[in-house]
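# Architecture and fold: a report
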Amino acid sequence: EFHDGMLLFEISGDKVWNRVSEDTVGLKAYFEQHMNEHLTRRSVEARIYTLRSTEKEKEFYLSYRKYSRKPETDALMKARFNKKNDSLLLITEGKWFAGDYPELDKIEWKEGVEYKRINNLPSIIVISKVTEPEPLPFEEVQGEIMTGYQNYLENEWIKQLKGTYTVKVDELVFAEVKKNLGNE
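All of the points below concern the structure found in this document. Residue indices begin from 1 for each chain and proceed along its sequence in written order. Per-residue local features are limited, in this predicted model, to residues with pLDDT of at least 70; the limit for side-chain atom pairs, both in listing and counting, is 80 or more; totals at the level of whole chains, interfaces and linings are taken over all residues. To get the side-chain values, take all heavy atoms of the structure and skip hydrogens and water.

## Here we look at the pairing of strand 3 (residues 112-118)
Test applied: By the convention used here, strands pair only if DSSP detects at least 2 bridges between them. The secondary structure listing takes helices from DSSP runs of H or I that are at least 4 residues long and strands from runs of E that are at least 2 residues long, numbered from the N terminus.
Note that strand 3 and strand 4 (residues 121-131) share seven bridges and pair antiparallel. Counterpart to Gly-112 in the pairing with strand 4 is Ile-127. Between strand 3 and strand 4, which pair antiparallel and follow one another directly, the connecting turn spans two residues, one of which, Asn-119, has a positive phi of 55°.

## What about the pairing of strand 4?
As paired strands, strand 1 (residues 43-51) and strand 4 are joined by eight bridges and run antiparallel to one another. Looking at strand 4, one finds that Ile-48 is bridged to Ile-125.

## What to know about the nonpolar core
Inclusion rule: Definition used in this section: a nonpolar core is a set of buried Ala, Val, Leu, Ile, Met, Phe, Trp, Tyr and Cys residues joined via side-chain atoms within 4.5 Å. Relative accessibility under 20% of the residue-type maximum defines a buried residue, over 50% an exposed one, and the middle range a partly exposed one, all with a 1.4 Å probe and only protein chains included. What makes two residues a contact is simply this: any of their non-hydrogen atoms within 4.5 Å.
Tyr-49, Leu-51, Phe-60, Tyr-61, Tyr-64, Tyr-67, Met-77, Phe-81, Leu-88, Leu-89, Ile-124 and Val-126 together form the largest nonpolar core, which totals 12 residues. Those residues in contact with Leu-88 that lie beyond four places of it in its chain are Thr-50, Leu-51, Arg-52, Ser-53, Lys-56, Phe-81 and Asn-82.

## Let's talk about the environment of Lys-15
On the secondary structure map, Lys-15 appears in helix 1 (residues 2-22). Lys-15 gets classed as partly exposed once you look at its relative accessible area, which sits at 40%. In sequence terms Lys-15 and Leu-153 are 138 residues apart; their C-alpha atoms lie 7.6 Å from each other. For Lys-15, the contacting residues outside a window of four places in its chain are Leu-153 and Trp-157.

## Quick look at a nonpolar patch on the surface
So the rule is basically this: For patch detection, residues must exceed 30% relative accessible area and be free of salt bridges, and they are connected within 9 Å for like charges or within 5 Å for nonpolar side chains (Val, Leu, Ile, Met, Phe, Trp, Tyr). Per-residue and other accessible areas were derived by the Shrake-Rupley procedure at a 1.4 Å probe size, with only the shown protein chains allowed to occlude residues. Basic side-chain nitrogens of Lys or Arg form a salt bridge, by our definition, when they fall within 4 Å of a carboxyl oxygen of Asp or Glu.
On the surface, Val-167, Val-169 and Phe-174 cluster together into a nonpolar patch covering about 310 Å² of accessible area. Topologically, Val-169 is positioned in the loop between helix 6 (138-164) and helix 7 (171-181). With a relative accessible area of 48%, Val-169 lands in the partly exposed category.

## Overview of unusual backbone geometry
You will see that Asn-119, though not glycine, has its phi angle at about 55°, which is positive. With respect to the secondary-structure elements, Asn-119 resides in the loop between strand 3 and strand 4. Phi at Asn-120 takes a positive value of approximately 65°, unusual for a residue other than glycine. Assignment of secondary structure puts Asn-120 in the loop between strand 3 and strand 4.

Purely geometric stuff here, so don't read any function into it on its own.
Below, the structure written as structure tokens:
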């Protein structure tokens, strides 16, 4: 049994495990066939203006409309609302992925301006870019691709063996084994 196990281990190495690391053409082809299973997450690049008071909500929206076409929009908005070094107006800029910020997930992701209340505070969301999911580069998913390719090669090898050889079970021996294991 030990000899048979070692032989099976060596053949598996040649047919499956070693082949994954040596067969770069096959691995690349497998990646090309399965690249859409490994995608980036949908994301937006945006700037969020949040006014920490509901008292000046109308003024906030009107001021944004007035200043939004000017290159110094942020500075003008801060000068208008953040007097005496307070932080009545918060401006957050960044990239958010789907599922990371529930309030952003509630709006339609398209380039443009959205007026909305976030945590019951008046907010303006300016989406500058929407990035749809796209395949990750091979380098980022190489481990997963190699594992998938290895499973694929193993399954193909097993199919080939089943097609070439028939399995016969000696029912008398099988019944004896079941009896000895107590599974009868």
